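Summary of the model geometry
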Amino acid sequence: MNMHAARADTLKTILGISVLAIRWSDAIVLLNRLIAERRFTKVSFLNAHNANLAYADSVFAEALDDFLILPDGIGVDLAARLLYGAPFPDNLNGTDFVPAFLQASTTPLTVGLLGATRVNAEAASVKLAALAVQHSFVVIHDGYFPASQESEIVDRIAALRPDVLLVAMGVPRQELWIERHIDARHCTLPIAVGALLDFLSGAVPRAPLWMRRLRLEWLFRLAVEPGRLWRRYVVGNPLFLLRVARQRLSRTPEAAGDSQ
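Residues numbered from 1 in each chain as written. Predicted model: local features only at pLDDT ≥ 70, side-chain atom pairs only at ≥ 80, totals over all residues. Heavy atoms only, no water.

The name given to the protein in an unreviewed UniProt entry is WecB/TagA/CpsF family glycosyltransferase, and the organism recorded there is Mesorhizobium cantuariense.

Formed by 37 residues in total, the largest nonpolar core has its most connected members in F101, L166 and I191. Per-element tally for this core: the top contributor is helix α1 (residues 24-36), with 6 residues. When near neighbours in sequence (up to four residues on either side) are disregarded, L166 contacts V98, L102, V111, G112, L113, L114, L128, I191, V193 and L196. Formed by 36 residues, the second largest nonpolar core is a distinct cluster that contains L46, A54, F67 and V76. (Core = buried A, V, L, I, M, F, W, Y, C linked by side-chain atoms within 4.5 Å. Buried < 20%, exposed > 50% of the residue type's maximum accessible area, 1.4 Å probe, protein only. Helix = DSSP H or I, 4+ residues; strand = E, 2+ residues; numbered from the N terminus. Contact = heavy atoms within 4.5 Å.)

What follows covers the pairing of strand β7 (residues 164-168). For β7, the tally of buried residues reaches 5 of 5 residues, placing the bulk of the element in the interior. Going residue by residue along β7, you find V164, L166 and A168 tucked away on one face and L165 and V167 tucked away on the opposite face as well. Across 5 bridges, strand β5 (residues 110-115) lies against β7 in parallel orientation. Within β7, the residue paired with G112 across the bridge is L165. (Pairing = 2+ DSSP bridges.)

This next bit is on the environment of A158. By the element assignment, A158 lies in helix α7 (residues 150-160). C-alpha of A158 to C-alpha of H186: the two residues are 28 residues apart in sequence and 4.2 Å apart in space.

This part takes up the pattern of salt bridges. Note on pairing: side chains with opposite charge can pair once their charged atoms come close. For the structure shown, the criterion picks out 13 salt bridges. The shortest N-O distance in the salt bridge between E37 and R39 comes to 2.5 Å. Assessed through its relative accessible area of 40%, E37 is described here as partly exposed. Relative accessible area serves as the criterion here: at 23%, R39 is assigned to the partly exposed category. Taking the shortest distance from any N to any O, the salt bridge between R215 and D77 comes out at 3.2 Å. Placement of R215 in the loop between α10 (209-213) and α11 (217-224) and of D77 in helix α4 (residues 74-84) is noted, with a sequence separation of 138 residues between them. Linked by salt bridges that have partners in common, D96, R206, R212 and E217 make up one network. (Salt bridge = Lys/Arg side-chain N within 4 Å of Asp/Glu carboxyl O.)

Moving on: the packing of aromatic side chains. Applying the stated criterion to the full structure yields 4 aromatic pairs. Summarising the aromatic geometry, the rings of W24 and F97 are spaced 5.3 Å apart at their centres and angled 85 degrees between planes, so their arrangement reads as edge-to-face. Of the two residues, W24 sits in helix α1 while F97 sits in helix α5 (residues 94-104), which places them 73 residues apart along the sequence. Taking the relative accessible area as the measure of exposure, W24 reaches 27% and is therefore partly exposed. (Phe/Tyr/Trp six-rings, centres within 6.5 Å; stacked < 30°, edge-to-face > 60°.)

Listed below in C-alpha cells is the structure:
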C-alpha cells in the first residue's frame, strides 16, 4: 500500500490486502491532491474475486502491496463487517467511481486509455469526453498486444505523460502490467479499471439501478455471462467468505499468497 497516501488508521486488512476505508467524496479529494502534487500512485480496487486471486498468487499479492486499494462491492463490505464490526464507509467500485472522479475533477487533465478492444476503447473515450468535457482523453492502444509491442506502447505513454492512465486488461494482468512497466516517468495515477471501458462503451450491459442499489450487480453479471463468471461468483464468493472467517478466527490477518 502506498502509505504516503493513506494513514494506517484508515486501512482495513482483508486477506492480507490493505484497503483504504474512506468516503466517496474524500477519495475524490485524495486522488485530485495526488495529481496536483504529482505524487505517482498506483490505484486498484479490491473485491471478493481479486482477493481470492491474491490469496492464491503471491506475485499478485506483492504487486498489490504497492497500490492504493479502494473497496469494491458487497463481498469486501461483508468481510469488513465480520473482521472490524463495520462495513467500509462507501462502495468505491471502479465502474461508478472512476467516471465520477473524472467528472468531479475541475482541473483539466490528460487521461490515457489502455485496454479493451479498440472499438470499445474508442467508444469509452467518446462517452468519457461527453461526461467530463474539461479533460482530454487519448486512446493509447487496445489491450490485445504481443510482448514485442510493449516497449513501443510504454514509450507512447511516456511521450503523452497523462495525469491519469486507465488500464483495462482484467485482473491480475492489469495490475501486474502497471507494476512492471509504469512509473513516475509515464503518468501520475495509473488506475487498474477492469471492465470499465467495456461498460462505458455499452458492449457489456450494467445491471439496472435498483439491482445496483441492492448490491446485486454480481447476480446480474452472472445471469448475463454464466459460462465465464459462474466460477468467480458461485464458487468464489463462498470461498472468499470462508477465508475471511478463517482470518477472523485466527485473530491475525492471513498472509496473502498463502493458498493453504
